[in-house]
Amino acid sequence: MFRIEQDPQGILITNPRGYSAFTTVFFGGRRRRHAATLAAASGAKPGGRALDIASGPGTLVFALADRVGPRGEVVGIDAAREMVEYATARSGNRTNCRFEYGVAQSLPLPDASFDVVTCTFGMHHIPEADRGNALSQMWRVLRPGGRVLLADMAPVGVHGRLTKLLSRHMDPTEIDIRRYRNPLEQAGFQDLEYRTVQPSTGVLTGVKPA
């Protein structure tokens, strides 16, 4: 099982190999396919710039890098330095992605510098008092017309039941990504859409008006 640590910046997963092994089993060996589905839902396009917050071992970053191609760039941000080091080592010869240490509520990145911002399975790791700041930061770094994608496990199906079991000490609404619909609207995002993708993942997307 992967190791979880409490930190003033949020909940950190600090043993990347254990976490990667867990997600391989949890997703039935289809983690890369799942990441490719999320990358497609984000709207990332060739030549674009994408940011993945709470990027972990980098699986979604690599899927986004495939979509933006050699003329694009993807940045992965994680609050666990162990994850940043592990993902960087995994990136190999990829030249269109990189990983940095950072926290969602205070992104060390310029205004209006990305076409897409994603945060998957990470919002519930951010201290609740800081989540509004995290959404404001996503708005800040997105270009006009840019898209945000938030995702977490949906409480449906076999994986949903397993998620409930694993998070039995957590308020179940913590992982229901639909809870961010109103906060996203209040931050200024429009055209919000929610859907589920297999296995048991809720996906919420929105657009920063041009």
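Residues numbered from 1 in each chain as written. Predicted model: local features only at pLDDT ≥ 70, side-chain atom pairs only at ≥ 80, totals over all residues. Heavy atoms only, no water.

For the chain, an unreviewed UniProt entry supplies the name Class I SAM-dependent methyltransferase and the organism Nocardia elegans.

Asker: How would you summarise the packing of helix α1 (residues 16-26) against helix α4 (residues 81-90) if you had to cite specific residues and measurements?
Answerer: Viewed as axis vectors pointing N to C, α1 and α4 meet at an angle of 70 degrees, and their least axial separation amounts to 9 Å. As summarised for this structure, α1 and α4 are arranged roughly perpendicular, according to the angle between their axes. Facing α1, whose interface residues are P16, R17, Y19 and S20, α4 presents E82, M83 and Y86. In terms of residue class, the contact of α1 with α4 is made up of 4 nonpolar, 1 polar and 2 charged. (Axes fitted to C-alpha atoms, helices over the stretch in contact; angles between N-to-C directions. Helix = DSSP H or I, 4+ residues; strand = E, 2+ residues; numbered from the N terminus. Parallel < 35°, antiparallel > 145°, perpendicular 65-115°, else oblique. Contact = heavy atoms within 4.5 Å. Nonpolar A, V, L, I, M, F, W, Y, C, P; charged D, E, K, R; others polar.)

Asker: Describe unusual backbone geometry, and please don't skip the residues or the numbers.
Answerer: The amide bond that connects Q198 to the next residue, P199, takes the cis arrangement and shows omega of -5 degrees. At F121, a position not held by glycine, the phi torsion is positive, near 55 degrees. With respect to the helices and strands, the residue F121 is situated in the loop between β6 (114-120) and α5 (131-141). According to the relative accessible area criterion, F121 is buried, its value standing at 13%. Of note in this structure, D191 is not a glycine but carries a positive phi near 55 degrees. Tracing the sequence through the fold places D191 in strand β8 (residues 190-197). The class for D191 is exposed, based on a relative accessible area of 56%. (Buried < 20%, exposed > 50% of the residue type's maximum accessible area, 1.4 Å probe, protein only.)

Asker: Give a description of helix α3 (residues 59-68) that names residues and reports values.
Answerer: Counting buried residues along α3, 8 of its 10 residues qualify, which places the element largely inside the surrounding structure. All buried positions along α3 are accounted for by T59, L60, V61, F62, A63, L64, A65 and V68. Of the surrounding secondary structure, the elements contacted by the buried residues of α3 are α2 (31-42), β3 (49-53), β4 (73-78), α4, β5 (97-101) and β6. Just beyond α3, the residue with positive phi is G69, at close to 75 degrees.

Asker: Tell me about the sheet that holds β3, and name the residues and values.
Answerer: The strand order across the open sheet built from 7 strands is β5-β4-β3-β6-β7-β9-β8, with neighbouring strands paired in mixed fashion. Each of the sheet's edge strands pairs with one partner strand only, and the pair in question is β5 and β8. Mean inter-strand twist for the sheet, computed between neighbouring axes without regard to direction, equals 15 degrees. Pairing analysis gives 4 bridges linking β3 to β6, with the strands arranged parallel. What sits directly across from I53, in β6, is C119. Across the sheet, α2 is in contact with β6, β7 (142-153), β8 and β9 (201-207); its angle to β7 comes to roughly 145 degrees. Contacts from α5 reach β3, β6 and β7, with the element oriented near 145 degrees to β7. (Pairing = 2+ DSSP bridges.)

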